[in-house]
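Examining the three-dimensional arrangement
So the chains spell out like this:
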Amino acid sequence: WIDTDFNKASMLPKAEWQYQIGEHLFCMFFAFEWYARFASFKLKRNCFRDTWFLFDSTLVFFMVLETWVMTFILLTLTGTEEGSGMGNTGVM
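Just so it is clear, the model here is predicted, and its values are computed rather than measured. (Residues numbered from 1 in each chain as written. Predicted model: local features only at pLDDT ≥ 70, side-chain atom pairs only at ≥ 80, totals over all residues. Heavy atoms only, no water.)

This next bit is on the overall build of the protein. Within the protein, the secondary structure is distributed over three helices and zero strands. Starting at the N terminus, the α and β elements of the protein follow one another as α-α-α. Contacts in the protein between residues far apart in sequence, at least 24 positions, make up 44% of those at least 6 positions apart. Within the structure as shown, the protein displays about 7,200 Å² of accessible surface, and the carbon and sulfur contribution to it stands at 67%. (Helix = DSSP H or I, 4+ residues; strand = E, 2+ residues; numbered from the N terminus. Contact = heavy atoms within 4.5 Å. Areas by Shrake-Rupley, 256 points an atom, 1.4 Å probe, with all protein chains shown as cover.)

Attention now moves to the side chain of N7. On the secondary structure map, N7 appears in the loop between helix 1 (2–6) and helix 2 (17–39). With a relative accessible area of 17%, N7 lands in the buried category. A distance of 3.1 Å separates the side chain of N7 from the backbone nitrogen of A9, its partner in a polar contact. (Buried < 20%, exposed > 50% of the residue type's maximum accessible area, 1.4 Å probe, protein only. Polar contact = N/O pair within 3.5 Å; in protein donor to acceptor, adjacent residues only side chain to side chain.)

Another point: the pattern of salt bridges. Close approach of charged atoms allows side chains with opposite charge to pair. On inspection of all chains with the given rule, the structure shows two salt bridges. One salt bridge in this structure joins D50 and R37, with 3.7 Å as the shortest N-O distance. One end of the pair, D50, is in the loop between helix 2 and helix 3 (51–78); the other, R37, is in helix 2, and 13 residues separate them in sequence. When its relative accessible area of 25% is taken as the criterion, D50 is described as partly exposed. Residue R37 is classed as partly exposed on the basis of its relative accessible area, which comes to 26%. Shared partners join several salt bridges into a network, and the residues in it are R37, D50 and D56. (Salt bridge = Lys/Arg side-chain N within 4 Å of Asp/Glu carboxyl O.)

Next up on the list: the packing of helix 2 against helix 3. Look at helix 2 against helix 3: their axes get within 10 Å of each other, and the N-to-C directions meet at 145°. Seen from above, helix 2 lies across helix 3 with left-handed handedness. When helix 2 is examined against helix 3, the residues E23, H24, F26, C27, M28, F30, A31, W34, R37 and F38 are found in contact with a partner set consisting of W52, F53, D56, S57, V60, M63, V64, T67 and W68. Of the residues that constitute the contact of helix 2 with helix 3, the class distribution is 13 nonpolar, three polar and three charged. (Axes fitted to C-alpha atoms, helices over the stretch in contact; angles between N-to-C directions. Left-handed = near helix turned anticlockwise from the far one by under 90°. Nonpolar A, V, L, I, M, F, W, Y, C, P; charged D, E, K, R; others polar.)

Given below as structure tokens:
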């Protein structure tokens, strides 16, 4: 929980480079793992029958949403790295 204890930035782009690299590497790793698991299904529709795959899909979805999509949206809407008053959107 190093990021939680020592990273005082409110948004990923404002964090020190070590935290940004770590966050992006974790997100890329888990997205690749999800893709590899999805590609391993002979019939792609069978992925909806695997509850662990569905659970992992949900986790990867929220991780990508928090790491890349929300950061992009907030930077686009505010035009700055200050955030838009949405608070800590990374906490679920």
